[in-house]
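# Understanding the architecture of this molecule
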Amino acid sequence: MDSSKKKPIIIIGSGKHAKVLINILLSCNRKILGVTDPNKKIGESFAGLKVLGNDEIIFKYPNSDIELVNSVAELSLRNIAYKISEKFRSKGYIFSNVIHPSSIIEDKVEIGVGTQIMAGVIIQNSAKIGRSCIINTGVK
C-alpha cells in the first residue's frame, strides 16, 4: 500500500526501541501523531514527537483512523508488550508493520501484522513470520 494512503501512527512507549522505530517510520514517510508513556508529561517532547499521555489516550482515536506501533521491546517486558497488543487488538486497533527500507524481503514471504523488520535484514523466499515479531538489525 502506498504510504500516502496509510493511516497516521501512535507509538506505544518511549524507550530506545521507539527511537529506532520513529526513524524507520519517518524514512518511510509515515505520519506519527505522537507517543504514549505513563511516566512522561503530556506535551513533553520525545525524539521530536509529542507525548500524548498514557496508553488510554489511544481510545480517544477511532480504531478506523489510526494504526499503532508497539515499541515495548525489552525482553523482560515482553509479557507486558503482549498484553498491551492484545488489549488494543481486542478493541479493533491494527498494529502497523514497520519495515526498514534497506531490508530485502523476497517474494512470497508472509509477514504477520505488527511485525518490525530492522535495517539490513534479509528474508528468503517463502518464509513465514508471525505477528508482532521483531527481526533485528542484520538478521539473514
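Further up the page is the structure itself.
Each chain has its residues counted from 1, running along the sequence as written. Residues qualify for local features only when their pLDDT is at least 70, as the model is predicted, and side-chain atom pairs are given and counted only at 80 or more; totals for whole chains, interfaces and linings, by contrast, use all residues. Heavy atoms from the whole structure form the basis of all side-chain values; hydrogens and water molecules are not counted.

Here a strand pair is declared whenever DSSP counts at least two bridges between the two strands. Labels follow the DSSP assignment, with helices taken as runs of H or I lasting at least four residues and strands as runs of E lasting at least two, numbered in each case from the N terminus. One open sheet holds the 5 strands; their spatial order is E3-E4-E2-E1-E5, and the pairing between them is mixed. Either end of the sheet is taken by a strand with one partner, and the two such strands are strand E3 (45-46) and strand E5 (67-70). Taken together, the 4 bridges between strand E1 (residues 9-12) and E5 define a ladder with parallel strand orientation. Residue pairing in the sheet places Ile 10 in a bridge with Leu 68 of E5.

A rise of 1.5 Å per residue sets the reference length of helix H1 (residues 16-27), with its 12 residues, at 16 Å; its end C-alpha atoms lie 17 Å apart and thus fit the reference within 8%. Accessibility here uses a 1.4 Å probe with only protein chains present; expressed as a share of the type maximum, an area under 20% marks a residue as buried, one over 50% as exposed, and anything in between as partly exposed. Along H1, the residues classified as buried are His 17, Ala 18, Leu 21, Ile 22, Ile 24 and Leu 25. Taken down its axis, H1 places every buried residue within 165 degrees of arc, on the same side. For H1, exposure combined with an orientation more than 90 degrees from the buried face picks out Lys 16 and Asn 23. A positive phi of about 60 degrees marks Asn 29, the residue just after H1. By this rule, a helix spans an expected 1.5 Å times one less than how many residues it contains. The arc in question is the one spanned by the directions pointing from the helix axis to the C-beta atoms.

If you walk across this open sheet you meet the 3 strands as E6-E9-E12, and the pairing is parallel. Of all strands in the sheet, those with a lone pairing partner are strand E6 (98-99) and strand E12 (134-135), marking the two edges. Here strand E9 (residues 116-117) pairs with E12 via 2 bridges, running parallel. Bridge pairing links Ile 117 to Ile 135 in E12.

This is a description of form; function is not addressed.
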